[in-house]
Amino acid sequence: MILEVCNVTKKFGGVTAIKDTSFHVKAKEIYGLIGPNGAGKTTMFNIITGNYEPTEGSIKFHGQKIDGIKPHKIVHRGIARTFQNIRLFKSMTVLENVLIGFDYQATYSYFEAIFRLPRFFKEEKRVKQRAFEIMEVLGIAKYADELATSLSYGQQRKVEIARALAANPQLLLLDEPAAGMNPNETHELAELFFKIRDEFDITILLIEHDMKFVNKLCDRVMVLDYGKTIFEGDIKDAIKDEEVIKAYLGDFKHA
Ligand SMILES: Nc1ncnc2c1ncn2[C@@H]1O[C@H](COP(=O)(O)OP(=O)(O)OP(=O)(O)O)[C@@H](O)[C@H]1O
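Structure report, in brief. (Residues numbered from 1 in each chain as written. Predicted model: local features only at pLDDT ≥ 70, side-chain atom pairs only at ≥ 80, totals over all residues. Heavy atoms only, no water.)

1. Description of a nonpolar patch on the surface
Stage number 1. Side chains of Phe 12, Val 15 and Tyr 52 sit close together on the surface and give an oily, nonpolar patch of about 250 Å² of accessible area.
Stage number 2. You can call Phe 12 partly exposed: its relative accessible area is 34%. (Patch = residues over 30% accessible without salt bridge, like charges linked within 9 Å, V, L, I, M, F, W, Y side chains within 5 Å. Areas by Shrake-Rupley, 256 points an atom, 1.4 Å probe, with all protein chains shown as cover. Salt bridge = Lys/Arg side-chain N within 4 Å of Asp/Glu carboxyl O. Buried < 20%, exposed > 50% of the residue type's maximum accessible area, 1.4 Å probe, protein only.)

2. Describing helix α7 (residues 183-200)
Stage number 1. The terminal C-alpha atoms of α7 lie 25 Å apart, and with 18 residues this matches the ideal 26 Å at 1.5 Å per residue to within 8%.
Stage number 2. Among the residues of α7, the N-terminal cap falls to Asn 182, whose side-chain oxygen and the backbone nitrogen of Asn 184 are separated by 3.1 Å.
Stage number 3. At the C-terminal side of α7, Asp 201 shows a positive phi close to 55°. (Helix = DSSP H or I, 4+ residues; strand = E, 2+ residues; numbered from the N terminus. Expected span 1.5 Å × (residues − 1). Polar contact = N/O pair within 3.5 Å; in protein donor to acceptor, adjacent residues only side chain to side chain.)

3. Some thoughts on the layout of surface pockets
Stage number 1. What the largest pocket holds in volume is close to 440 Å³.
Stage number 2. Within the residue set of the lining of the largest pocket, elements represented by two or more residues are α2 (71-77), β6 (79-81) and α6 (153-166).
Stage number 3. Ranked by residues supplied to the lining of the largest pocket, first place goes to α2 with 4 residues.
Stage number 4. Residue composition of the lining of the largest pocket, grouped by class: 10 nonpolar, 5 polar and 4 charged.
Stage number 5. Counting contributing residues, the lining of the largest pocket receives three or more from each of domain 1 (1-78 + 169-255) and domain 2 (88-168). (1 Å grid on protein atoms, 1.4 Å probe; cavity = no way out; pocket = protein on both sides within 12 Å on 5 of 7 lines; lining within 4 Å. Points joined across faces, edges and corners; volume = space filled by probe spheres on them. Nonpolar A, V, L, I, M, F, W, Y, C, P; charged D, E, K, R; others polar. Domains from an automatic or database assignment.)

4. Focus: the site of the ligand
Stage number 1. Lining the immediate environment of the ligand, one finds 14 residues, of which Gly 38, Gly 40, Lys 41, Thr 42 and Thr 43 sit closest.
Stage number 2. Between the ligand and Gly 38, the relevant distance is 2.8 Å, taken from an oxygen atom to a main-chain nitrogen or oxygen of the residue.
Stage number 3. For the shell around the ligand, the element with the most residues is helix α1 (residues 41-48), which contributes 3 residues.
Stage number 4. Of the residues that constitute the shell around the ligand, the class distribution is 5 nonpolar, 7 polar and 2 charged. (Near = heavy atom within 4 Å.)

Next comes the structure, spelled out in structure tokens:
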């Protein structure tokens, strides 16, 4: 088991955003976290990535407790994420944005960097090469020297995913990756995630509203409604589940 969410509750003052929720994700699975607006999905991501501490319960990654650990240390452990609203550096190129994801992995010292010693150059070359490999897989290498914000919305999402992959994660968390995309782009994105899972040998946990996309991509899902788990299991069963259909006001019919 790569990720175990155990009886997590998160309260913000009087608001209970997540209530006694548990689920687990297996290695190389594509797992969906779904539910209506305000259900607690992003809060769950923020707990897994160390941005929030759970009020109760715990998170285990490869069997080790990670709740209470700072976000940058969780990235070191092997969990990277993208955000609901694209967060790219506006004045940077696509390549520079991807390179940001590598920073913590630098093996040269501050001293070696200042004096531009050989290890610095060797490491810089290795990192740049890896950035191009990642951009190649995502089909954005041709835009390497363009300003990231000059790309289409769909391509910018890929830059964000490339940056997350640069951290060399074992678990990738994607917050509404298909938001704002047209059906063609969404179809292409689903294929890309299968490719990413296989080529980078990683597990994907994603939040998504587009049920067609979830149905195509996910092995299993967890459905939250007002912070409570209303379904956990196979996507094929989720789309037939009465309570899930009710919470989604029939959205699943289109899946
Ligand atoms: N930092 C915070 N302080 C106070 N309340 C918060 C905070 N973050 C989230 N909440 C509340 O927790 C609940 C769950 O919010 P959350 O953003 O996790 O939902 P969501 O399922 O991700 O929704 P959406 O699909 O709209 O992104 C909401 O009632 C929200 O207002």
